[in-house]
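# Summary of the model geometry
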Amino acid sequence: MTGAPGRVRILLYLRATPEQVPAVEEAYHRISKELADTPGMLGNELLRDVTDPGAYAVLSEWESLAAFRDWEAGAGHRGTTSPLRPYQDTGRPSPFALFAVEAGY
């Protein structure tokens, strides 16, 4: 991932019990394979909080907000991402955040 202005990054916050960890990781890999050729998506990563092993985030990078919004509005969005929906961190005001890249090196 690079820091080019115009790109956006989306964080999806997840929460898993120790028993759910394998299901979260499996769902991430399955979804990522399905999204591999999505127009405008530059990549994604599964992040795990080193101080809170039950806390995860999926960080995806998109070439533009328009590309992300086009995918999000498409018919396949909800079905493709549904395996991670049960693990969304509902303890936050929102289970996701959108960030525009303003600068990068």
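In this report, we go over the structure that sits alongside the text. (Residues numbered from 1 in each chain as written. Predicted model: local features only at pLDDT ≥ 70, side-chain atom pairs only at ≥ 80, totals over all residues. Heavy atoms only, no water.)

### Details of the packing of aromatic side chains
Our working definition: Two rings from Phe, Tyr or Trp (for Trp, the six-membered ring) form a pair when their centres are within 6.5 Å of each other. A pair whose planes differ by under 30 degrees is stacked, one over 60 is edge-to-face, and the rest are tilted. Charges are assigned to positions over rings by a cutoff of 6 Å between ring centre and Lys NZ or Arg CZ, combined with an angular limit of 35 degrees from the ring normal.
Tallied over the full model, the rule gives three aromatic pairs. An aromatic cluster is defined as three or more aromatic residues linked by ring pairs; in this entry it consists of Trp62, Phe68 and Trp71. Here the basic side chain of Arg92 rests over the ring of Tyr13, its NZ or CZ set 3.6 Å away from the ring centre.

### Side note on the sheet that holds strand S4 (residues 96-100)
Defined as follows: At least two DSSP bridges between two strands are needed for those strands to be called paired. Under the DSSP-based scheme used, a helix requires at least four consecutive residues in state H or I and a strand at least two consecutive residues in state E, with every element numbered from the N terminus. An axis is simply a line fitted to the C-alpha atoms; with a helix, the fit covers only the stretch in contact. Between two such axes, the angle follows the N-to-C directions and lies from 0 to 180 degrees.
If you walk across this open sheet you meet the four strands as S2-S3-S1-S4, and the pairing is antiparallel. Either end of the sheet is taken by a strand with one partner, and the two such strands are strand S2 (41-48) and S4. Each neighbouring strand pair of the sheet contributes to a mean axis angle of 15°, computed without reference to strand direction.

### Remarks on the pairing of strand S3 (residues 55-62)
Basically, it comes down to this: For every residue, the accessible area (1.4 Å probe, protein chains only) is compared with the maximum for its type, and the residue is labelled buried under 20%, exposed over 50%, or partly exposed between those bounds.
Buried residues dominate S3, accounting for eight of its eight residues. Residues Ala55, Ala57, Leu59 and Glu61 point to one face of S3 and Tyr56, Val58, Ser60 and Trp62 to the other, with burial holding for every one of them. Taken together, the eight bridges between strand S1 (residues 8-15) and S3 define a ladder with antiparallel strand orientation. Residue pairing for S3: Arg9 is matched across the bridge by Glu61. Direction of pairing for S2 relative to S3: antiparallel, over a ladder of seven bridges. The residue bridging Arg48 from the neighbouring strand is Tyr56, located in S3.

### Things to note about a nonpolar patch on the surface
Heads up, the condition is: Candidate patch residues must exceed 30% relative accessible area and have no salt bridge, after which like charges are joined if within 9 Å and Val, Leu, Ile, Met, Phe, Trp or Tyr side chains if within 5 Å. Residue exposure ignores everything except the shown protein chains as possible cover, and the areas themselves are Shrake-Rupley values with a 1.4 Å probe. By definition here, a salt bridge exists when the distance from a side-chain nitrogen of Lys or Arg to a carboxyl oxygen of Asp or Glu is within 4 Å.
Where nonpolar side chains cluster on the molecular surface, the patch consists of Leu65, Phe96 and Leu98 and spans about 230 Å² of accessible area. Inspection of the secondary structure assignment puts Phe96 in strand S4. The exposure class of Phe96 is partly exposed, given its relative accessible area of 39%.

Spatial relationships are all this shows, so hold off on functional conclusions.
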